[in-house]
Amino acid sequence: MKTEAEITPASPRKIWIVLIVTAVIALIAAFLLDQATTDWIATHSSPELKRVMRIVSRVGDWPAHAIAGAIGFAVAFVMGSKAWMRIFLAMLIALALAGVTTRAIKIATGRARPSVKTEAQWNGPQFRSKFHAFPSGHTASSTAFFVALLLARKKIGAPLLLIPILIAISRLIVGAHYLSDVTFAAILGVICALFVAHWLSIPNPKSQLRN
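What counts and what doesn't
Residues numbered from 1 in each chain as written. Predicted model: local features only at pLDDT ≥ 70, side-chain atom pairs only at ≥ 80, totals over all residues. Heavy atoms only, no water. Helix = DSSP H or I, 4+ residues; strand = E, 2+ residues; numbered from the N terminus. Contact = heavy atoms within 4.5 Å. Core = buried A, V, L, I, M, F, W, Y, C linked by side-chain atoms within 4.5 Å. Buried < 20%, exposed > 50% of the residue type's maximum accessible area, 1.4 Å probe, protein only. Axes fitted to C-alpha atoms, helices over the stretch in contact; angles between N-to-C directions. Parallel < 35°, antiparallel > 145°, perpendicular 65-115°, else oblique. Left-handed = near helix turned anticlockwise from the far one by under 90°. Nonpolar A, V, L, I, M, F, W, Y, C, P; charged D, E, K, R; others polar. Expected span 1.5 Å × (residues − 1). Arc of directions from axis to C-beta. Salt bridge = Lys/Arg side-chain N within 4 Å of Asp/Glu carboxyl O. Phe/Tyr/Trp six-rings, centres within 6.5 Å; stacked < 30°, edge-to-face > 60°. Lys NZ or Arg CZ within 6 Å of the ring centre and 35° of its normal.

## What about the environment of Phe 184?
Alright, step 1. In this structure, Phe 184 sits in helix α10 (residues 179–199).
Alright, step 2. The sequence separation of Phe 184 and Arg 86 amounts to 98 residues, and the corresponding C-alpha distance is 27 Å.
Alright, step 3. Apart from residues no more than four positions distant in its own chain, Phe 184 is found in contact with Leu 27, Ile 105, Phe 134 and Pro 135.

Here it is as structure tokens:
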């Protein structure tokens, strides 16, 4: 029979420490694997695959997410579901926050995209899009959007996380980003979603707010 100490759940502080350490390790590993990943993709990807991934990238940009969120909010409003209105609002705000944050970081860091042939990979403040590799705006926005949903409705949000994963992969295959760009963007997206969910007090699946 388990003792009380054995069945006591981990404290939120320990959980946060584990998550932060995991994120840092993942980001360090991504930076170390940047060039190897880029070279592997260049060797193994086909023109047909790149064509499909360009479509995924185009469709997976923030406007499509914003439209989906706005439609969801409108439907929830018509149906009179305050809980879902709050959830879709959180998804839209998280999307916008991730987008604005990534844009600022892109301009400040000026990292050259993999397709840019330059000796300097990090160039400081830049306004040209070819130096906006870090981080991936597509990945950050999509991750923030769907993680916000996950925090409120786990069963619905979990499978939909495949969407930001696919978008991140597409950005690698089309040569727009390095592995570290999408890894950092995913972490940033999660942070934005957590911040907005906390700010708006988004209910979780076990909450009584299930309208």
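## Regarding the nonpolar core
Alright, step 1. Grouped together as the largest cluster of nonpolar side chains are 26 residues, with contacts concentrated most on Trp 84, Ile 87, Met 91 and Ile 202.
Alright, step 2. Within the residue set of this core, elements represented by two or more residues are α6 (82–109), α7 (137–152) and α10.
Alright, step 3. Top element by residues in this core is α6. It accounts for nine residues.
Alright, step 4. Once residues lying within four places of it in the same chain are set aside, the contact partners of Met 91 are Phe 145, Ala 148 and Leu 149.
Alright, step 5. Listed in part, the 10 residues of the second largest apolar core include Ala 30, Ile 41, Ala 168 and Leu 172.

## Description of the packing of α6 against α10
Alright, step 1. In contact at an axis separation of 9 Å, α6 and α10 are set at 135° when each is read in the N-to-C sense. Accordingly, the angle class assigned to the pair α6 and α10 is oblique. Between α6 and α10 lies a crossing whose hand is right-handed. Two secondary-structure elements touch here, α6 through Ala 90, Ile 93, Ala 94, Leu 97, Ala 98, Thr 101, Thr 102 and Ile 105 and α10 through Phe 184, Leu 188, Cys 192, Ala 193, Phe 195, Val 196 and Trp 199.
Alright, step 2. The residue makeup of the contact of α6 with α10, split by class, is 13 nonpolar, two polar and no charged.

## Details of helix α4 (residues 47–59)
Alright, step 1. When the terminal C-alpha atoms of α4 are compared, their 19 Å separation across 13 residues agrees well with the 18 Å that a helix rising 1.5 Å per residue should span.
Alright, step 2. Buried within α4 we find Met 53, Val 56 and Ser 57. For α4, the buried positions fall inside an angular range of 100° around the axis, keeping them on one side. Of the residues in α4, the exposed ones pointing more than 90 degrees away from the buried face are Pro 47, Arg 58 and Val 59.
Alright, step 3. At its buried positions, α4 is contacted by α7 and α9 (162–173).

## What to know about the pattern of salt bridges
Alright, step 1. Applying the stated rule across the entire model yields two salt bridges.
Alright, step 2. Note that Arg 111 and Asp 34 form a salt bridge whose closest N and O atoms lie 2.9 Å from each other. Residue Arg 111 is found in the loop between α6 and α7, and its partner Asp 34 is found in helix α3 (residues 34–44); the two are separated by 77 residues along the sequence. Of the two residues, Arg 111 and Asp 34, both sit in the buried class.

## Notes on the packing of aromatic side chains
Alright, step 1. Taken as a whole, this structure holds six aromatic pairs when the rule is applied.
Alright, step 2. Ring geometry for Phe 31 and Phe 134: centres 6.1 Å apart, planes at 40°, overall tilted. One end of the pair, Phe 31, is in helix α2 (residues 12–32); the other, Phe 134, is in the loop between α6 and α7, with 103 residues separating them in the sequence.
Alright, step 3. Judged by relative accessible area, which is 33%, Phe 31 ranks as partly exposed.
Alright, step 4. Cluster of aromatic residues (ring-pair linked, three or more members): Phe 31, Trp 122, Phe 134 and Phe 184.
Alright, step 5. One Lys or Arg, Arg 153, reaches over the ring of Trp 84 and ends 5.4 Å from the middle of that ring.

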